[in-house]
Amino acid sequence: MKIAVINCGSSSLKFKLFEMPGAKVLRSELVEHIGEPNSSVANHFEAIESLHVNFSEIDAVGHRVVHGGEKFRGSVLIDDAVVQTIRKLIPLAPLHNPANLEGIEVVRQKASNIPQIAVFDTAFHTTLKKEAFVYALSYALYEKHDIRRYGFHGTSHACLLHKAAALLGKKVQETNIITLHLGNGASACAIKKGKSCDTSMGFTPLEGLVMGSRCGDIDPAIVLYLQKSLHVNAEEIDEMLNKKSGLLGLCGENDVRNIEKRTDEAAKMAMDIMVRRIQKYIGAYMVLLEDVDAIVFSGGIGENSSYVRERVMNNKILKNIKSLVIKTDEELQIVNECLEVLKK
Ligand code: ADP
């Protein structure tokens, strides 16, 4: 059985074709710069066209969908109602859900008979309890406006959980770990007995760890100060926090490979701030979990930077905890979930 995985970003499309079971990769493609000026690919439809996919040989298509809100607690077979709900969630993920829907629509147009499955970035975190997901704001903001922690990178954290459990020789439902997905976007997850019990990204992917160009946790009053005293408008603040902060804001670049090599104060400070934030989350999650089987490092930085891993683990308390380096594979997790949905 051949299952394709499509991951539509706002300006990119990843395509992977698997032979299942066994998850042998038959084809792997990346189309970038979709819809950008001077690009030959105007939209996701053209991106798929450019790959000359033979849909008649494909048995199912799995889509990464960023926001499933509270509605989707796991992966689902896509029908009109599912598409409607993903569309309703656009205000919560204005950049991502429209691109994900475009991918679904393209396949529907090209091969309406192929079952399609939506795999949500948020679904893994729907096991969070209220004390983890409700912000200490007026409760009406949650009830009436859906403002709560959703968490993201769920497919990656789920993949890391399964791989870590296998490495530890434990059943998934008995595994207690802290997973660190450290890429350009970064998040931590406390996993208790195989379920996400807290995670660092929140209402949006902006909260939590110091990222490539996102600030992570800050005092929300800074936003008000920027608005009132520096007369910066909402779009400008959005740009400042999401695109001009984090490692980039602190030291002028976000590639950890380069920052590691630099000897200047700004680079050292950026690393110090990033490492300290990771340690703060680990500390908090150790208290929540009580028993921690391992700390799992993943993502471009977690998988490749022994410097960051050593800096994080260089601590009297953490020294006694097992750390694992695991390559995350979101497409593999998606294709496995597709198979589960198709079996039902
Ligand atoms: P994305 O979130 O865009 O998928 P990745 O998971 O690919 O990001 O991670 C990108 C980050 O990984 C970059 O900051 C890059 O510097 C870092 N990285 C990749 N390779 C290395 C390496 N060998 N050493 C240190 N950092 C690395």
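For the structure, check the block above.
Residues numbered from 1 in each chain as written. Predicted model: local features only at pLDDT ≥ 70, side-chain atom pairs only at ≥ 80, totals over all residues. Heavy atoms only, no water.

### Some details on the overall build of the chain
Operational definition: Each helix corresponds to a stretch of at least 4 residues labelled H or I by DSSP, and each strand to a stretch of at least 2 residues labelled E; elements are numbered beginning at the N terminus. Just to be clear, the radius of gyration here is over C-alpha atoms, and the globule rule we use is 2.2 Å times residues to the power 0.38. Partly exposed residues are those whose accessible area sits between 20% and 50% of the maximum for their type, while under 20% is buried and over 50% is exposed, using a 1.4 Å probe and protein chains only.
Counting secondary structure elements, the chain contains 14 helices and 11 strands. Computed over its C-alpha atoms, the radius of gyration of the chain comes to 20 Å, within 12% of the 20 Å expected for a compact globule of 344 residues. Referenced to the eigenvectors of the C-alpha coordinate spread, the extents of the chain come out at roughly 55 × 55 × 45 Å. Expressed as a percentage of the 344 residues in the chain, the buried residues total 49%.

### Section: the site of the ligand
Stated precisely, the cut-off is as follows: It suffices for a single heavy atom of a residue to lie within 4 Å of a molecule or strand for the residue to be listed as near it. Any pair of N or O atoms that falls within 3.5 Å is considered a polar contact. Within protein, one atom must be able to donate a hydrogen and the other to accept it, and sequence-neighbouring residues count only if both atoms are side-chain atoms. Here the open area of atoms and residues is found with the Shrake-Rupley method and a 1.4 Å probe, where only the protein chains shown may cover a residue. By the convention adopted, Pro, Cys, Tyr, Trp, Phe, Met, Ile, Leu, Val and Ala count as nonpolar, Lys, Arg, Asp and Glu as charged, and the other residues, Gly among them, as polar.
The local shell around the ligand holds 13 residues, among which N184, N254, D255, V256 and G300 are the closest. With respect to the ligand, the backbone of N184 contributes an N or O atom lying 3.0 Å from an oxygen atom. A distance of 2.5 Å is found between an oxygen atom of the ligand and a side-chain nitrogen or oxygen belonging to D255. Here the ligand, which alone exposes 570 Å², has 67% of that area covered by the protein. Mapped onto the shell around the ligand, the elements with two or more residues apiece are α10 (256-261) and α12 (299-304). By residue number, the principal contributor to the shell around the ligand is α12, which donates 4 residues. When its residues are assigned to classes, the shell around the ligand shows 2 nonpolar, 8 polar and 3 charged.

### Description of the packing of helix α7 (residues 221-229) against helix α8 (residues 234-243)
For clarity, the threshold we go by: Axis definition: a line fitted to C-alpha atoms, over the contacting stretch in the case of helices. Angles run 0 to 180 degrees between N-to-C directions. Under this scheme an angle from 65 to 115 degrees is roughly perpendicular, one under 35 degrees roughly parallel, and one over 145 degrees roughly antiparallel; angles in between are oblique. Handedness of a crossing follows from how the near helix is turned relative to the far one, being left-handed for an anticlockwise turn of less than a right angle and right-handed for a clockwise one. Contact between two residues is taken to exist if any of their heavy atoms lie within 4.5 Å; hydrogens are not considered.
At a minimum axis distance of 10 Å, the contact between α7 and α8 shows a crossing angle of 135°. In terms of axis orientation, α7 runs oblique to α8. For the pair α7 and α8, the crossing hand works out as right-handed. Residues V223, L226 and Q227 of α7 lie in contact with α8, whose contacting residues are I237, M240 and L241. Taken together, the residues of the contact of α7 with α8 break down into 5 nonpolar, 1 polar and no charged.

### Re the sheet that holds strand β9 (residues 195-199)
This is how the line gets drawn: At least two bridges found by DSSP between two strands are what make those strands a pair.
Spatially, 5 strands are ordered β9-β8-β7-β10-β11 in an open sheet, and the strand pairing comes out mixed. In this open sheet, the two strands that pair with only one neighbour each are β9 and β11 (323-325). Here the average twist between neighbouring strands, direction ignored, is 25°.

### Remarks on helix α13 (residues 306-313)
This is how it is decided: Think of it as the arc spanned by the lines of direction from the helix axis to the C-beta atoms.
Here α13 has its buried residues at V308, R309, V312 and M313. For α13, the angular spread of buried residues about the axis comes to 120°, placing them on one side. Considering only its buried residues, α13 is in contact with α10, α11 (265-289), β10 (294-298), α12 and β11.

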